[in-house]
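Letter by letter, the chains look like this.
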Amino acid sequence: MELIKQRVHMNKCNCRNQVQITLSNDFNVPDAKADALSLIKDKGEITIDEVRFVSGKGTVKGKMDFSLLYLGDEDGHPVCDLTGSVPFEETVSLEDACREDDVSVNYTIDDLQTELINSRKIGVKAIVTLEVVAESLYDGEGAVGISDDDEVMTRRRLMDVTQMAICKKDTYRFRDEWSLPATKTAIRKILYEDITLMDMETRPVDEKINISGQVKIFLLYMTEEEDSKLEFYENILPISGSVECNGCDESMVSHIQIGIHSRDLVLKEDEDGERRTLDLELVLNLMMKIYRQEEMEVLTDFYSTTRELRPVYTDSYFENLLMKNTGKCRVSGKLTWSEEEMPLQIWNVSGTLFVDQKEIVEGGVKISGVIDASILYVSGKEDIPLGSLKGSIPFEQIVEIRDVKPDTLIFVNSCLDQITAAMLGDGEIEIKAVVSLDVIAFDRVVMPMISDYTVEELDKSMRNKAPGLIGYVVKDGECLWDIAKQYYTTIESVMELNGLENENIRTGDMLLLAK
């Protein structure tokens with residue numbers, strides 16, 4: 001006799017650790033650029049170059065690229081740009097991880113501050129949170145049948161299982177080329193660029209993952225005129241494509257995180273020799289987890305009428321998909337400005353999304369956080385052509401998850417799909433945004449599964465002393481399986497002897513049992 005076993009592939013988080021690091025450096029203004037009088041706007045982006053795991057520790061190596069605009073003292077070119085990088089290498093404790101684990105890093109820039117030290121030196125300081133996760137594929141295993149033994153009585157049940165069908169990292173390359181509209185002046189120099197993803201969606205189909213969404217481009221530039229001026233340009237490009245994914249099909253459930261890994265924006269001359277053509281290449285990172293839902297018939301008990309056969313149980317851990325749901329949260333709030341700032345026209349608004357808390361509530365999960373908004377505007381002051389305004393807008397949204405429990409596992413991918421700003425007067429600017437929350441929930445299931453068995457010969461002397469026919473009174477909670485197993489007979493024999501049409505019995509019923 002041999003147990004037939006089946007494995008269920010699942011993703012298991014072996015270790016998760018979070019550290020907060022401070023990045024700080026001073027940067028000199030290049031000799032070719034004007035002296036800095038004041039700072040206007042800044043932004044930072046994290047790039048992870050390498051993740052290593054050695055002896056219970058993970059090492060994360062990367063950099064923070066920053067770009068900023070400042071007010072210069074040069075006539076005719078009052079706004080200047082400065083870019084640079086702050087490298088970092090951080091060691092994070094991962095005591096429960098092992099060498100075979102897949103180690104990934106999530107990161108956020110919690111705070112970025114730039115300081116004008118003097119006209120030729122600018123200080124950059126940032127607080128960055130790194131969350132390092134070590135995961136592996138875990139096999140939940142249990143017996144589903146028995147081979148080569150007709151004398152063994154078996155009991156089975158159907159259970160819903162969620163298998164990790166695909167867990168991998170991939171990239172998607174996007175490239176597009178276009179020209180400035182006729183209403184815009186040709187570009188001499190790009191001072192500042194902001195490239196963000198919006199409305200990103202993924203869908204598994206046969207052997208691939210379809211990707212759709214938009215990329216929003218904002219440029220601040222100096223015009224290619226003799227009397228060069230500040231100008232801005234915005235555009236939205238559609239993204240539509242796919243990546244190969246062997247073994248994938250449309251019945252599967254996906255949870256895919258998308259982010260920009262690298263970007264390259266090139267300014268080219270058009271047919272007339274004017275710098276009006278833009279060529280954008282993006283490389284998107286895809287962290288893919290794709291699940292398959294299925295029913296599995298598992299062996300829950302067995303016995304023999306001729307031997308003392310006892311199953312051995314081991315607890316197996318499963319995560320069953322409860323629900324996947326996407327919620328859209330409309331957010332609005334107001335920022336105030338003082339008379340000293342004097343915005344006349346808004347040129348650009350951008351935002352960074354932070355999810356601070358996930359709370360399980362009745363019927364779903366409440367997700368709360370903030371949008372850090374940054375506005376670039378044309379100033380009413382003659383000596384300061386541009387200014388910026390920052391502020392935080394809180395949000396809260398309940399995403400429906402049916403049958404959610406206090407110990408339900410909740411995972412959220414969040415994205416800022418849209419953000420706009422409008423001047424209201426009385427020193428107020430209204431911010432409106434749309435936040436996308438992609439939520440997937442799993443039930444934690446710990447189930448005793450048959451992993452082995454013991455076998456002994458029956459005590460024939462005791463069997464021979466037992467009467468050939470006995471009467472048995474059904475006890476509370478008993479079923480025919482329990483009684484037949486106890487007396488080394490079969491359910492069919494008990495039903496035939498007692499004239500039962502089905503297996504339904506009640507407490508207190510009298511049954512005849514034959515040896």
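Thresholds, definitions, all that
- Residues numbered from 1 in each chain as written.
- Predicted model: local features only at pLDDT ≥ 70, side-chain atom pairs only at ≥ 80, totals over all residues.
- Heavy atoms only, no water.
- Pairing = 2+ DSSP bridges.
- Helix = DSSP H or I, 4+ residues; strand = E, 2+ residues; numbered from the N terminus.
- Axes fitted to C-alpha atoms, helices over the stretch in contact; angles between N-to-C directions.
- Buried < 20%, exposed > 50% of the residue type's maximum accessible area, 1.4 Å probe, protein only.
- Contact = heavy atoms within 4.5 Å.
- Phe/Tyr/Trp six-rings, centres within 6.5 Å; stacked < 30°, edge-to-face > 60°.

(A) Quick look at the sheet that holds strand β15 (residues 364–379). Strand order in the open sheet formed by 3 strands is β14-β15-β16, with antiparallel pairing between adjacent strands. Sheet topology places β14 (343–361) and β16 (386–400) at the edges, where each strand pairs with a single neighbour. Averaged over all neighbouring strand pairs, the angle between strand axes comes to 15°, with direction disregarded. Relative to β16, β15 runs antiparallel, the two being bridged by 15 bridges. When the sheet's bridge partners are listed, D372 is paired in β16 with S392.

(B) Seen up close, the sheet that holds strand β18 (residues 428–457). The strand order across the open sheet built from 3 strands is β13-β18-β17, with neighbouring strands paired in antiparallel fashion. The two strands at the open ends of the sheet, each matched to only one other strand, are β13 (307–336) and β17 (409–425). In this sheet, adjacent strand axes meet at a mean angle of 0° when their direction is disregarded. Two strands pair when backbone bridges link them, and β17 and β18 are joined in this way by 15 bridges, in the antiparallel orientation. Bridge pairing in β18 links A421 to I431.

(C) Structural context of the side chain of S368. Tracing the backbone shows S368 in strand β15. Taking the relative accessible area as the measure of exposure, S368 reaches 16% and is therefore buried. When sequence neighbours within four positions are dropped, the list of residues in contact with S368 reads V355, D356, Q357, F395 and E396.

(D) Spotlight on the packing of aromatic side chains. Applying the stated criterion across every chain, the model contains 8 aromatic pairs. Geometrically, the ring pair formed by F302 and Y453 is edge-to-face, given 6.3 Å between the ring centres and 80° between the ring planes. Residue F302 is located in strand β12 (residues 277–304), and its partner Y453 is located in strand β18; the two are separated by 151 residues in the primary sequence. By relative accessible area, F302 is classed as buried at 0%.

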